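In case you want the letters, here they are:
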Number of protein chains: 2
Amino acid sequence: MRVRVVGAGLLGASLGLALTSEGHDVSLDDTSPLALSLAAGLGAGTRATATEGEEIDLVVVATPPDVTADVVCAELDRCPGAVITDVASVKSHVIDTVLASGQPGLERFVGAHPMAGKERSGAPNADGDLFRGRPFVVVPTEHSSRTATERVTNLAVEVGAMPIIMSAAEHDDAVAAVSHLPQVVSSLLAARLQDVPEGALDLSGQGLRDTTRIAKSDPMLWATILAANAPRVRAHLAPLQRSLQAAISYLDTCATSHYPPAAVAGLAALIEAGSAGVARIPGKHGGAQRAYAEIVVYVPDRPGELARLFADVGEAGVNIEDVRLEHAAAAAVGLATISVDPAAGDRLTDYLSEREWSVVQR
Amino acid sequence: MRVRVVGAGLLGASLGLALTSEGHDVSLDDTSPLALSLAAGLGAGTRATATEGEEIDLVVVATPPDVTADVVCAELDRCPGAVITDVASVKSHVIDTVLASGQPGLERFVGAHPMAGKERSGAPNADGDLFRGRPFVVVPTEHSSRTATERVTNLAVEVGAMPIIMSAAEHDDAVAAVSHLPQVVSSLLAARLQDVPEGALDLSGQGLRDTTRIAKSDPMLWATILAANAPRVRAHLAPLQRSLQAAISYLDTCATSHYPPAAVAGLAALIEAGSAGVARIPGKHGGAQRAYAEIVVYVPDRPGELARLFADVGEAGVNIEDVRLEHAAAAAVGLATISVDPAAGDRLTDYLSEREWSVVQR
């Protein structure tokens, strides 16, 4: 397959690396000569030539989202035999603009959204494994041909991702809930920390770190994403605002009286609703959330201690399903919480205790 | 030291275990005979006797927070030679009530808040290492004697925690910001997931999991904590509500026009403020956030693979500073992000590559 990638940032260069390693012929284009030479230097593909349009089978548009629709239209002209796809993380906005152009060849356009991590950006962070095992949403339009949809689905498979076909509306509703809403909430929460005295932050625990991790994000990229999906994100913020108002009212009542039952019950109902919501998130591998035995191990912060722990777990012949490290504030120790099959919990606890690890099973 | 622990839940039983293992003489009391026998059976102490009051050096009140103040007052009477402390997670509420009683012996009362994880509760989850390396806030009142404050500070040290002396107001302001506010926000966010279609949740990634992890919490315990610290939590929710309203206004503007510059800039400023806030959270061991080299390794989900990886890291002689596992939705693979000293990053990347790990350094 001859693939042309337009935009040599994190996603474009990573796609180039993945496709090159699968034996495809990848050419790269970018308005920035520097980004282009970085991506080419990493082995993500060769530089595009002025005359390559006729030979291309698939074009992937991986530009910033505000120019995606225009670039898709230009590529439909430039590469008359190619299927065109794009990787913008909001689909309706791009697809509506492309279809409104009314230009010939719209049957060759299929949208896509490879859901890969974006904490880092740019070609230097490119990674051919970026898409492996991740959802890769394929979004055909009302004009897309079956061949075009199949070619984009194959792209997902070639880079190791899991193709999921959705309409633009379904996709944009889904990411508003599971990606854009948490980003806004985490950013607003983290912004509050700007006014907190330094001494107070010394009491920060894992809960604060987890809830604010994604707040460390690229402001312009996220502003563009939120703007493109504005009505759907807003639809989630309205009920959030109502429940926040309810919390404030309950707290106001609590401030005037000693544990007023109705207000305490109201606060408990808000926490309970959160527990019910979090229980709906699918567990590992998309299956239902599964109960694991949790083994908590006290790990001195010395070179090699964590490696020694995992080596011991390996020797015990137990598969680690998950691991979480928690650092104690202001002390040279950490707690490792290891999740394992419940049937193996007792055995691993005994095994580690015998090797003098300080360990407790939860 | 003869220590009496009133309330044999997670905190009381864990304190009993930690103090017993340090050679102290611990007696346990609880209104629930079942909780008492569970905690005693774990080795957290012996059952309290009716006549022990005279002999006790230190009483730790570890009851539910709504009865803490009453129990502290009763213990001041019962144990005339003892220092009394409590572990309620909001201090002003308890201390104001105790001082208002005006009873004799108030110089023997000092508040405390051992900041240990509370995702699980009850004596069965007790753990003598629960406090190790954690902040243990000691809160003297205006009446507390120096001896009493020293005895509670020593308690913190005996259980392996890091004593931090604060006033009740300082403490309650701090936990409102770093603990209570994130709990409310995470719960309100997770509650929104109740209305999301199941297919949408298939696109859930690590960001959603992290931001909602603490939403899985005990509703009555948290309602009581929030009610006790109501004015201070409310003081954070008011500006949060204003910034949420600003986000909604920007999104409304974006819905009516194509990337309106002022609204996009407003959204970018909200994300930027979040980045600035999160940058203030102290890093590992209470120090400034430190840059580590991050090595991302693709780990097949087979028994022993993660253990094999950590064994290889151990053989490379590199100390792991942090580790994060990310599971791909709907696929049998995971990504391990290992943070190491920047000076060791290249060496570890090469070492793991030679052992045929699929690895990229960020």
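Refer to the structure above for everything that follows.
In what follows, the accompanying structure is described.

About the cut-offs
Residues numbered from 1 in each chain as written. Chains lettered and ligands numbered in written order. Predicted model: local features only at pLDDT ≥ 70, side-chain atom pairs only at ≥ 80, totals over all residues. Heavy atoms only, no water. Helix = DSSP H or I, 4+ residues; strand = E, 2+ residues; numbered from the N terminus. Areas by Shrake-Rupley, 256 points an atom, 1.4 Å probe, with all protein chains shown as cover. Lys, Arg positive; Asp, Glu negative; His and termini not counted. Charge placed at Lys NZ, Arg CZ, Asp CG, Glu CD. Contact = heavy atoms within 4.5 Å. Buried area = accessible area lost by both parts, 1.4 Å probe. Salt bridge = Lys/Arg side-chain N within 4 Å of Asp/Glu carboxyl O. Polar contact = N/O pair within 3.5 Å; in protein donor to acceptor, adjacent residues only side chain to side chain. Pairing = 2+ DSSP bridges. Axes fitted to C-alpha atoms, helices over the stretch in contact; angles between N-to-C directions. Core = buried A, V, L, I, M, F, W, Y, C linked by side-chain atoms within 4.5 Å. Buried < 20%, exposed > 50% of the residue type's maximum accessible area, 1.4 Å probe, protein only. Parallel < 35°, antiparallel > 145°, perpendicular 65-115°, else oblique. Left-handed = near helix turned anticlockwise from the far one by under 90°. Disulfide = S-S within 2.5 Å. Least-squares fit on C-alpha atoms with pLDDT ≥ 70 in both. Phe/Tyr/Trp six-rings, centres within 6.5 Å; stacked < 30°, edge-to-face > 60°. Lys NZ or Arg CZ within 6 Å of the ring centre and 35° of its normal. Nonpolar A, V, L, I, M, F, W, Y, C, P; charged D, E, K, R; others polar.

## Brief notes about the overall build of chain A
For chain A, the count of helices and strands is 13 helices and 12 strands. Along the three orthogonal principal directions, the C-alpha set of chain A runs to about 70 × 55 × 40 Å. Accessible area for chain A stands at about 13,600 Å²; split by element, carbon and sulfur atoms hold 52% of it. When the 28 positive and 44 negative side-chain charges of chain A are each reduced to one mean point, those points stand 2 Å apart.

## Side note on the interface of chain B and chain A
Taken together, the contact between chain B and chain A spans 138 residues of the former and 138 residues of the latter. A combined buried area of about 12,200 Å² lies between chain B and chain A, and 66% of that area is made up of carbon and sulfur atoms. Sorting the residues of chain B by area buried against chain A places Leu 203, Tyr 259 and Arg 280 of chain B first, and these three jointly supply 7% of that buried surface. When the shortest N-O distance is used, the salt bridge between Arg 213 of chain A and Asp 210 of chain B registers 2.6 Å. Applying the counting criterion to the chain B and chain A interface returns 18 residue pairs in polar contact (both at pLDDT 80 or more).

## Some remarks on the side chain of Arg 192 of chain B
Among the secondary structure elements, Arg 192 of chain B is positioned in helix α6 (residues 168-192). If we ignore the near neighbours within four places in the chain, the residues touching Arg 192 of chain B are Leu 181, His 236, Pro 239 and Leu 240 of chain A.

## Quick word on the sheet that holds strand β8 (residues 162-165) of chain A
Residue and element names in this part refer to chain A. Strand order in the open sheet made by the three strands is β6-β7-β8, with mixed pairing throughout. Single-partner strands in this sheet number two, and they are β6 (110-114) and β8. The mean angle between the axes of side-by-side strands here comes to 25°, regardless of whether they run parallel or antiparallel. The pairing of strand β7 (residues 135-140) with β8 spans four bridges and is classified as parallel. Bridged to Pro 135 within β8 is Met 162.

## Structural notes on the nonpolar core
Counting residues in hydrophobic clusters, the biggest one holds 58 residues, and the most contacted among them are Leu 226 and Leu 237 of chain A together with Leu 226 and Leu 237 of chain B. For Leu 226 of chain A, the contacting residues outside a window of four places in its chain are His 180, Val 184 and Val 233 of chain A together with Leu 251, Leu 267 and Ile 271 of chain B. The next biggest cluster of nonpolar side chains, apart from the first, holds 42 residues, and it includes Val 318, Ile 320 and Leu 348 of chain A together with Leu 309 of chain B.

## A closer look at unusual backbone geometry
Residues and elements named next belong to chain A. Phi angles above zero are rare outside glycine, and Glu 356 is one such case at about 70°. Considering the arrangement of structural elements, one finds Glu 356 in the loop between α13 (345-354) and β12 (358-361). Taking relative accessible area as the criterion, Glu 356 reaches 75% and is therefore assigned exposed.

## Structural notes on the environment of Asp 312 of chain B
All names here are of chain B. Positionally, Asp 312 belongs in helix α12 (residues 305-315). A sequence separation of 36 residues divides Asp 312 from Leu 348, and the C-alpha atoms of the two residues are 9.3 Å apart. When residues no more than four places from it in sequence are discounted, the contact partners of Asp 312 are Tyr 351, Leu 352, Arg 355 and Trp 357. Within the structure, Asp 312 has its side chain in polar contact with the side chain of Trp 357 (distance 2.8 Å).

## Examining the packing of helix α11 (residues 261-278) of chain A against helix α9 (residues 219-228) of chain B
Taken N-terminus to C-terminus, the directions of α11 of chain A and α9 of chain B make an angle of 130°; their axes are 8 Å apart at the nearest point. Classified by the angle between their axes, α11 of chain A and α9 of chain B sit oblique to one another. Between α11 of chain A and α9 of chain B lies a crossing whose hand is right-handed. Contacts between α11 of chain A and α9 of chain B involve Val 264, Leu 267, Ala 268, Ile 271 and Glu 272 of chain A on the former and, on the latter, Pro 219, Met 220, Trp 222, Ala 223, Leu 226 and Ala 227 of chain B.

## Some words on the pattern of salt bridges
All names here are of chain A. Under the criterion given, the structure shown has 30 salt bridges over all chains. In this structure, Asp 195 engages Arg 192 in a salt bridge whose closest nitrogen and oxygen atoms are separated by 3.4 Å. Among the residues examined, Asp 195 registers a relative accessible area of 57% and is labelled exposed. Through salt bridges that share partners, Arg 4, Asp 29, Glu 52 and Glu 75 make up one connected network.

## Details of the state of the cysteines
A complete count under the given rule lists zero disulfides over all chains for this structure. Cys 79 of chain B provides the cysteine sulfur closest to Cys 73 of chain B, a residue in no disulfide bond, and the two sulfurs are 13 Å apart.

## Let's talk about the relation of the copies chain B and chain A
It takes a turn of 180° to lay chain B on chain A, together with a shift of 0.0 Å along the axis; the resulting RMSD is 0.1 Å. Given the turn and translation reported, the copies of this chain are related as if by a two-fold rotation axis. Proximity to the rotation axis, assessed at the C-alpha, singles out Thr 211 of chain B in chain B; its C-alpha lies 2.0 Å from the axis. A share of 100% of the interface residues of chain B reappears at the interface of chain A, consistent with the copies meeting face to face through the same patch.

## A word on the pairing of strand β4 (residues 58-61) of chain A
Residue and element names in this part refer to chain A. Side-chain alternation along β4 places Leu 58 and Val 60 on one buried face and Val 59 and Val 61 on a second face that is also buried. As paired elements, strand β1 (residues 2-6) and β4 share four bridges and run parallel to each other. Paired with Val 3 across the bridge in β4 is Leu 58. Of the strand pairs in this sheet, β4 and strand β5 (residues 83-86) are connected by four bridges, and their pairing is parallel.

## Overview of the packing of aromatic side chains
All told, the structure shown has zero aromatic pairs over all chains when counted by the stated rule. Cation over ring: Arg 355 of chain A sits above Tyr 351 of chain A, and NZ or CZ is 3.6 Å from the ring centre.

## Some thoughts on the packing of helix α3 (residues 68-78) of chain A against helix α4 (residues 91-100) of chain A
Residue and element names in this part refer to chain A. It is at 9 Å that the axes of α3 and α4 come closest, and there the two elements cross at 40°. Taken together, α3 and α4 sit at an angle that is classed as oblique. Between α3 and α4 the crossing geometry is right-handed. Contacts from Thr 68, Ala 69, Val 72 and Cys 73 in α3 reach Val 94, Thr 97 and Val 98 in α4. Within the contact of α3 with α4, the residues separate by chemical class into five nonpolar, two polar and no charged.

## Section: the sheet that holds strand β7 (residues 135-140) of chain B
Residues and elements named next belong to chain B. If you trace the three strands from one edge of the open sheet to the other, you get β6-β7-β8, paired in mixed fashion. Where the open sheet ends on each side, the last strands, each with one partner, are β6 (110-114) and β8 (162-165). Neighbour-to-neighbour, the strand axes of this sheet turn through a mean angle of 25°, independent of strand direction. Bridging between β6 and β7 involves five bridges; their strand directions are antiparallel. Note that in β7 the partner of Val 110 across the bridge is Pro 140. The strands touched by helix α5 (residues 146-158) within the sheet are β6, β7 and β8, with β7 carrying the most contacts at an inclination of about 170°.

## Observations regarding the environment of Thr 211 of chain A
Residue position: Thr 211 of chain A is located in helix α8 (residues 206-212). Remark: the alpha-carbon pair of Thr 211 of chain A and Val 5 of chain A, spanning 206 residues in sequence, is separated by 35 Å. Not counting residues within four places of it along the chain, the set of residues in contact with Thr 211 of chain A comprises Ser 186 and Leu 189 of chain A together with Pro 182, Ser 186, Asp 210, Thr 211 and Ile 214 of chain B. In this structure the side chain of Thr 211 of chain A is engaged in a polar contact, spanning 2.9 Å, whose partner is the backbone oxygen of Gly 207 of chain A. A polar atom in the side chain of Thr 211 of chain A sits 3.1 Å from the backbone oxygen of Leu 208 of chain A.

## Examining the environment of Ser 179 of chain B
Structurally, Ser 179 of chain B can be placed in helix α6. Placed 64 residues apart in sequence, Ser 179 of chain B and Ser 243 of chain B show a C-alpha to C-alpha distance of 20 Å.

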